[in-house]
Amino acid sequence: MKIYGIKSCGSVKKALSFLESRKIPYEFIDLKLFHPTRPDIERWLKSLTISKIFNSQSATYRNLGLKELALDEEGKIEWLTKEPLLIKRPIIELGSGEVMVGFDLKEYESRFND
């Protein structure tokens, strides 16, 4: 399992804490150091919609003035490859090819029950 995020993000902290408390192994990919490629994003889009991945509520989105650009899906993908802090976090790639985003305790308990 791979987890994409940033260590200072509250949702990422909750997700990592949840997994560590259950001794569930994972590989952490820091989005401040790693920029996902277009193939990475396209792989995520097989399980999720662009609106689940692209964070239009973030400070990064506002600071870049992206609302005024009225981006379509292609434009959002381009921005995600240039500015990974626009990605909702955490993104979790499960071994099955399935992808989860964010932290929801009930979903985690259901998905990762002992």
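Our subject is the structure listed above.
Residues numbered from 1 in each chain as written. Predicted model: local features only at pLDDT ≥ 70, side-chain atom pairs only at ≥ 80, totals over all residues. Heavy atoms only, no water.

*Asks:* Honestly, the nonpolar core in this entry has me stumped. Any pointers?
*Replies:* Most often, soluble globular proteins keep nonpolar side chains buried together rather than apart. Core analysis: the biggest nonpolar cluster contains 33 residues, and Trp44, Phe54, Leu80, Ile91 and Phe112 have the highest contact counts within it. Secondary structure elements with two or more residues in this core: strand 1 (2-5), helix 1 (10-21), helix 2 (38-44), helix 3 (50-53), helix 5 (73-82), strand 3 (91-93) and strand 4 (99-101). With five residues, the single largest contributor to this core is helix 1. With sequence-adjacent residues up to four places away left out, phenylalanine 54 is seen in contact with Tyr61, Leu66, Leu71, Lys76, Trp79, Leu80, Leu86 and Lys88. (Core = buried A, V, L, I, M, F, W, Y, C linked by side-chain atoms within 4.5 Å. Buried < 20%, exposed > 50% of the residue type's maximum accessible area, 1.4 Å probe, protein only. Helix = DSSP H or I, 4+ residues; strand = E, 2+ residues; numbered from the N terminus. Contact = heavy atoms within 4.5 Å.)

*Asks:* Explain the sheet that holds strand 1 here, please?
*Replies:* Hydrogen bonds along the backbone pair up the strands of a sheet, which may run parallel or antiparallel. The sheet built from four strands is open, its strands ordered 2-1-3-4 with mixed pairing. Both edges of this open sheet fall to strand 2 (27-30) and strand 4, since each of them pairs with a single strand only. Mean inter-strand twist for the sheet, computed between neighbouring axes without regard to direction, equals 20°. Here strand 3 pairs with strand 4 via three bridges, running antiparallel. In the sheet register, isoleucine 92 faces strand 4, and the bridge partner there is methionine 100. (Pairing = 2+ DSSP bridges. Axes fitted to C-alpha atoms, helices over the stretch in contact; angles between N-to-C directions.)

*Asks:* Hey, could you run me through the pattern of salt bridges in this one?
*Replies:* Using the criterion set out here, one finds six salt bridges in the structure. For the salt bridge of aspartate 40 with arginine 43, the shortest nitrogen-to-oxygen distance reads 2.9 Å. Taken as a pair, aspartate 40 and arginine 43 lie in helix 2 at a separation of three residues, close to a single helical turn. Since its relative accessible area comes to 10%, aspartate 40 is described here as buried. A residue is classified by how much of its surface remains accessible, and arginine 43, at 32% relative accessible area, is partly exposed. (Salt bridge = Lys/Arg side-chain N within 4 Å of Asp/Glu carboxyl O.)

*Asks:* Is there a simple way to explain helix 1 in this structure?
*Replies:* Since there are 3.6 residues in each turn of an α-helix, residues three or four apart along the chain are aligned in direction. With 12 residues, helix 1 extends 16 Å between its outermost C-alpha atoms, agreeing within 8% with the 16 Å of an ideal straight helix rising 1.5 Å per residue. Regarding helix 1, the residues found buried are Val12, Ala15, Leu16, Phe18 and Leu19. End-on, the buried residues of helix 1 take up no more than an arc of 160°, which puts them together on one face. Residues of helix 1 that are buried in the fold lie against strand 1, strand 2 and helix 6 (105-111). Count one or two residues on from helix 1 and you reach lysine 23, which has phi positive near 55°. (Expected span 1.5 Å × (residues − 1). Arc of directions from axis to C-beta.)

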